[in-house]
Amino acid sequence: MPYGPIELLVVKFPGNQFTGEIIPALKELVDSGTIRIIDILFISKSEEEIVTEAELGELLDEVYAAFDPLVDELAGLLTHDDAVEIAKLLPPNSSAGIMLFENAWAKHFADAIVAANGEVLLNERIPRAAIEELIAEQLEAMA
Amino acid sequence: MMRRRTPPRAGRGVVGTVARTAVIAGTATAVSAGVSNSMQAKAQAQQQAQAAKAQQQAEFLEMQQQVAALQAQQAQAAVAAEPAPAAAAGGAADMLAQLAQLGELRAAGILSDAEFEAAKARILAG
């Protein structure tokens with residue numbers, strides 16, 4: 001598989017203009033080789049709950065100029081159906097960036113593991129609910 | 001400015017595909033699959049042990065019933081022919097003890113099922 005571990009991240013902002021305020025933080029993640037953005041899509045829901053979908057290329061000039069260098073590729077894995085489903089989570093008068101990114105740090109580490117004759121047997125994200133349950137059990141045991 | 005070409009964005013997409021594959025895989029991750037396999041094996045072993053125990057209990061009950069039936073027969077015979085009621089009562093208790101012993105021998109694998117059945121029949125025949 002050419003990709004390292006892939007994550008979906010949807011970030012919601014109030015209003016219907018996707019501004020570039022988040023870009024410096026995102027730039028840090030990308031420039032440091034921590035993540036690699038492989039797809040991105042923007043959605044907006046108006047006050048009347050009308051959903052619009054926008055590509056990277058449809059952003060306003062300044063925003064596009066800031067975003068575009070951070071996006072490594074547009075793999076097209078995010079589809080219109082995704083936009084529709086995710087838009088259901090949006091309150092009226094808000095917008096969201098839907099991002100698919102590769103955990104480049106994990107891929108580099110995995111490559112190093114293979115080079116050292118190792119093998120990644122398991123790599124799971126533990127659901128938050130499970131961690132909270134375990135911590136609660138520990139506290140109960142100590143009480 | 002020349003902006004990059006956008007992909008078709010057709011099809012089920014990420015959300016739909018994750019939902020579908022989760023249903024197919026039964027939402028089991030590698031970790032939970034391993035855990036559920038060993039739990040399944042443990043549950044199976046427990047079930048088998050319980051079934052064996054239940055069967056032994058059923059067989060012992062059956063023996064008790066047969067002994068009780070015999071006791072009833074012997075009691076009737078005792079009424080008809082008075083002497084040696086003590087021997088009859090002692091006989092039933094001995095029989096039960098012998099059958100219990102037989103059961104243990106079978107459970108320990110010393111007697112086969114066939115041998116057990118044969119010996120049991122002999123004891124019950126008196």
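A brief structural summary. This is a predicted model, so every value here is computed, not measured. (Residues numbered from 1 in each chain as written. Chains lettered and ligands numbered in written order. Predicted model: local features only at pLDDT ≥ 70, side-chain atom pairs only at ≥ 80, totals over all residues. Heavy atoms only, no water.)

Observations regarding the interface of chain A and chain B
Stage number 1. Of the residues lining the interface, 30 residues belong to chain A; the matching set on chain B comes to 19 residues.
Stage number 2. Overall, the association of chain A and chain B removes approximately 1,800 Å² of surface from exposure, summing both partners, and the carbon and sulfur fraction of that is 55%.
Stage number 3. One can count 4 salt bridges joining chain A with chain B.
Stage number 4. Arg9(B) is the salt-bridge partner of Asp39(A), the closest N and O atoms lying 2.9 Å from each other.
Stage number 5. Elements supplying a minimum of two residues to the side of chain A that touches chain B: strand S2 (36–45), helix H2 (61–67) and helix H3 (80–87) of chain A.
Stage number 6. Per-element tally for the side of chain A that touches chain B: the top contributor is H3(A), with 5 residues.
Stage number 7. Considered class by class, the residues forming the side of chain A that touches chain B number 14 nonpolar, 4 polar and 12 charged. (Contact = heavy atoms within 4.5 Å. Buried area = accessible area lost by both parts, 1.4 Å probe. Salt bridge = Lys/Arg side-chain N within 4 Å of Asp/Glu carboxyl O. Helix = DSSP H or I, 4+ residues; strand = E, 2+ residues; numbered from the N terminus. Nonpolar A, V, L, I, M, F, W, Y, C, P; charged D, E, K, R; others polar.)

A few points about the pairing of S2(A)
All names here are of chain A.
Stage number 1. With 9 of 10 residues buried, S2 lies mostly within the body of the structure.
Stage number 2. For S2 and strand S4 (residues 94–102), the ladder comprises 9 bridges, and the chain directions are antiparallel. Paired with isoleucine 40 across the two strands is methionine 99, which belongs to S4.
Stage number 3. The sheet contact formed by S2 and strand S3 (residues 51–54) spans 4 bridges and is antiparallel. Counted as the bridge partner of phenylalanine 42 is alanine 54 from S3.
Stage number 4. Between the end of S2 and the start of S3, which pair antiparallel, lie 5 residues, with glutamate 49 showing a positive phi angle near 65 degrees. (Buried < 20%, exposed > 50% of the residue type's maximum accessible area, 1.4 Å probe, protein only. Pairing = 2+ DSSP bridges.)

Focus on the pattern of salt bridges
Stage number 1. Following the criterion strictly, the structure yields 15 salt bridges over all chains and no others.
Stage number 2. One salt bridge in this structure joins Glu55(A) and Arg9(B), with 2.6 Å as the shortest N-O distance. Of this pair, Glu55(A) sits in the loop between S3 and H2 while Arg9(B) sits in the segment before helix H1 (13–25), each in a different chain.
Stage number 3. Here Arg9(B) falls in the buried class, since its relative accessible area comes to 1%.
Stage number 4. In this structure, Arg4(B) engages Asp68(A) in a salt bridge whose closest nitrogen and oxygen atoms are separated by 2.8 Å. Note that Arg4(B) is positioned in the segment before H1 and Asp68(A) in the loop between H2 and H3, a pairing that runs across two chains.
Stage number 5. Looking at Arg4(B), the relative accessible area reads 26%, which means it is partly exposed.
Stage number 6. One connected set of salt bridges, linked through shared partners, spans Arg36(A), Asp72(A), Glu73(A) and Glu102(A).

Digging into a nonpolar patch on the surface
Residues and elements named next belong to chain A.
Stage number 1. Side chains of Ile126, Ile131, Leu134, Ile135, Leu139 and Met142 sit close together on the surface and give an oily, nonpolar patch of about 600 Å² of accessible area.
Stage number 2. Within the secondary structure layout, isoleucine 126 lies in the loop between helix H4 (104–115) and helix H5 (128–142).
Stage number 3. Looking at isoleucine 126, the relative accessible area reads 48%, which means it is partly exposed. (Patch = residues over 30% accessible without salt bridge, like charges linked within 9 Å, V, L, I, M, F, W, Y side chains within 5 Å. Areas by Shrake-Rupley, 256 points an atom, 1.4 Å probe, with all protein chains shown as cover.)

Here's the deal with helix H1 (residues 23–31) of chain A
The α-helix advances 3.6 residues per turn, and as a result positions three or four apart in sequence lie on the same side.
All names here are of chain A.
Stage number 1. All buried positions along H1 are accounted for by Ile23, Leu26 and Val30. All buried residues of H1 project into a common sector of 65 degrees when viewed along the axis, lining one side. Residues of H1 that are exposed and point more than 90 degrees away from the buried face comprise Pro24, Glu28 and Asp31.
Stage number 2. Looking one or two places after H1, you find glycine 33, whose phi comes out positive at around 75 degrees. (Arc of directions from axis to C-beta.)

Observations regarding the pairing of S4(A)
Residue and element names in this part refer to chain A.
Stage number 1. The element S4 is extensively covered by neighbouring structure, given that 9 of its 9 residues are classed as buried.
Stage number 2. Here S4 shows two buried faces, one formed by Ser94, Ala96, Ile98, Leu100 and Glu102 and the other by Ser95, Gly97, Met99 and Phe101.
Stage number 3. Alignment of strand S1 (residues 6–14) against S4, held across 9 bridges, turns out to be antiparallel. Paired with leucine 8 across the bridge in S4 is leucine 100.

A word on the side chain of Asn103(A)
Residue and element names in this part refer to chain A.
Stage number 1. Of note, asparagine 103 is situated in the loop between S4 and H4.
Stage number 2. A polar atom in the side chain of asparagine 103 sits 2.9 Å from the side chain of glutamate 7.
Stage number 3. With near-sequence residues (within four places) excluded, asparagine 103 lies in contact with Pro5, Glu7 and Thr34. (Polar contact = N/O pair within 3.5 Å; in protein donor to acceptor, adjacent residues only side chain to side chain.)

Section: the packing of aromatic side chains
Stage number 1. Summed over the entire model, instances satisfying the criterion amount to 1 aromatic pair over all chains.
Stage number 2. Measuring from centroid to centroid gives 5.4 Å for Phe42(A) and Phe67(A), while their planes differ by 75 degrees, and the two rings are edge-to-face. Here Phe67(A) lies in helix H2 and Phe42(A) lies in strand S2, a separation of 25 residues in the sequence.
Stage number 3. For Arg3(B), the ring lying beneath its charged end belongs to Tyr64(A), and the centroid distance is 4.0 Å.
Stage number 4. Geometry around Phe116(B) places Arg106(B) over its ring, the cationic atom sitting 4.2 Å from the centre. (Phe/Tyr/Trp six-rings, centres within 6.5 Å; stacked < 30°, edge-to-face > 60°. Lys NZ or Arg CZ within 6 Å of the ring centre and 35° of its normal.)

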